[in-house]
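Chain by chain, the residues run as shown.
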Amino acid sequence: MTLLVALGSGDPDPWVKQFRVLLPDRPIVKLGDNYDPSAVEFSMTWYHPAGSLAHLPNLKAVFSLGAGVDHLFRDPHLPDVAIARVVDPDLTNRMSEYVMLHTLSILRQMRRYRSQQSIKNWSDDDFQPAATDVRVGIMGLGVLGSDAARKLKLMGFNVAGWSRSAKSLDGIQCFSGDAELSDFLARTDILIVLLPLTDETRGIINKKLLKGLARDGRVAAPSLINAGRGHLQIETELLECLDDGTLHEAVLDVFQTEPLPETSRLWAHPRVTITPHNASVSDPIAIANAIAAQIRRVEKGEALLNTVSRKKGY
Ligand code: NDP
Ligand code: OXD
């Protein structure tokens with residue numbers, strides 16, 4: 001039983017090394033190695049080249065090395081086998097760190113103080129709201145969104161979330177579906193996006209949506225944090241909203257084109273913070289462990305966990 005590490009982006013070697021430690025009895029190969037396709041039963045993938053998982057007649061399951069699976073559905077030749085994604089406390093905690101860091105940074109106006117420091121300007125003339133005065137709204141109340149919601153709530157923020165199906169989370173106001181989106185936006189000062197990229201969510205962060213955010217809050221204007229996927233946002237419209245004051249500040253970890261091209265106006269925008277799609281990285285040590293546990297489950301005849309619905313796209 002061979003395991004294939006199929007990466008189209010990033011270095012496969014730390015993954016191969018870690019899987020060899022965890023599953024010492026199985027051959028672990030990577031794309032480009034010389035292996036027997038009929039021996040491959042599992043594939044661990046991240047942006048694999050289209051077609052590279054076709055012609056594996058005994059493939060049982062594909063594991064995404066991340067929480068998102070949109071990279072798999074780019075492949076028109078994706079085999080019709082079970083797909084599992086990463087759900088792991090290591091990945092979840094890292095994302096919540098990112099969300100808390102940037103939400104607090106927006107609340108405490110760190111962008112402003114950094115620029116004041118650069119010109120030795122001691123000025124404290126703006127009202128500083130408390131976390132309890134600020135309404136955070138999280139689009140995507142799944143594994144990552146609900147953990148971030150709970151932690152922001154603990155910090156005192158007034159937190160709501162929006163998801164596809166109705167939810168109930170202690171102390172969090174829950175909205176769902178298209179019908180409740182405008183009410184959710186209208187009570188949101190800091191919008192956090194942790195949605196998957198699907199046919200339904202592509203381009204959802206556009207001018208119309210950003211104009212629907214709250215205008216009656218104790219912050220200057222609403223702000224955006226997108227750590228979901230780049231194609232959720234329409235960057236030309238995001239820039240228009242930053243330029244005309246619809247949006248106060250944007251923190252972006254993901255972009256329509258990655259790496260973000262040098263020509264993008266986002267790089268130099270005074271109210272944009274850019275991180276290189278590392279809000280929550282998949283650490284081979286933690287994540288290979290979770291995938292090896294899944295493989296052991298399948299071998300014992302148990303069902304795969306964290307499977308993905310092809311119909312929903314996440
Ligand atoms: P989950 O599948 O657990 O949660 C997805 C959430 O989005 C669910 O609440 C789901 O609703 C909601 N959702 C999906 N489609 C819609 C829709 N059309 N309308 C409203 N809500 C919708 O995913 P995770 O929380 O684990 O991960 C979320 C995303 O974060 C990943 O898909 C990935 O793109 C991104 N990510 C980014 C990383 C980074 O470093 N930048 C790292 C890890 C993940 P419902 O609950 O009803 O199903
Ligand atoms: C993920 C990611 O989906 O790293 O896990 O973006």
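Residues numbered from 1 in each chain as written. Chains lettered and ligands numbered in written order. Predicted model: local features only at pLDDT ≥ 70, side-chain atom pairs only at ≥ 80, totals over all residues. Heavy atoms only, no water.

A. Fine view of the overall build of the protein. Within the protein, the secondary structure is distributed over nine helices and 12 strands. In terms of overall size, the protein behaves like a compact globule, its C-alpha atoms giving a radius of gyration of 21 Å where 314 residues would be expected to give roughly 20 Å. Projecting the C-alpha coordinates of the protein onto the three principal axes gives extents of approximately 70 × 40 × 30 Å. Among the 314 residues that make up the protein, the fraction classed as buried is 50%. The contacts in the protein between residues at least 6 apart in sequence include a share of 63% that link residues at least 24 apart. Total accessible area on the protein stands at roughly 15100 Å², and carbon and sulfur atoms take up 52% of it. Distance from the positive charge centre (35 side chains) to the negative charge centre (37 side chains) of the protein: 2 Å. (Helix = DSSP H or I, 4+ residues; strand = E, 2+ residues; numbered from the N terminus. Rg over C-alpha atoms; globule rule 2.2 N^0.38 Å. Buried < 20%, exposed > 50% of the residue type's maximum accessible area, 1.4 Å probe, protein only. Contact = heavy atoms within 4.5 Å. Areas by Shrake-Rupley, 256 points an atom, 1.4 Å probe, with all protein chains shown as cover. Lys, Arg positive; Asp, Glu negative; His and termini not counted. Charge placed at Lys NZ, Arg CZ, Asp CG, Glu CD.)

B. Representation of the sheet that holds strand E3 (residues 40-46) within the structure. Taken in spatial order, the five strands of this open sheet run E2-E1-E3-E4-E5, and their pairing is parallel. For this open sheet the edge positions go to strand E2 (28-30) and strand E5 (82-84), each flanked by a neighbour on one side alone. On average, adjacent strands in this sheet sit at an angle of 25° to one another, irrespective of strand direction. Where strand E1 (residues 2-7) meets E2, three bridges bridge the pair, whose relative direction is parallel. Each bridged residue has a counterpart across the sheet, and for Leu3 the counterpart in E2 is Ile28. (Pairing = 2+ DSSP bridges. Axes fitted to C-alpha atoms, helices over the stretch in contact; angles between N-to-C directions.)

C. Expanded view of the nonpolar core. Ranked by size, the top nonpolar core spans 29 residues in total, and within it Met139, Phe184, Leu191, Ile205, Leu209 and Leu247 carry the most contacts. Of the residues forming this core, the biggest block, four residues, is contributed by helix H8 (residues 235-243). The contact partners of Leu209, leaving out residues within four places of it in the chain, are Met139, Leu181, Leu185, Leu191 and Ile204. Core analysis: the second largest hydrophobic core is formed by 26 residues, Val5, Trp15, Leu65 and Ile291 among them. (Core = buried A, V, L, I, M, F, W, Y, C linked by side-chain atoms within 4.5 Å.)

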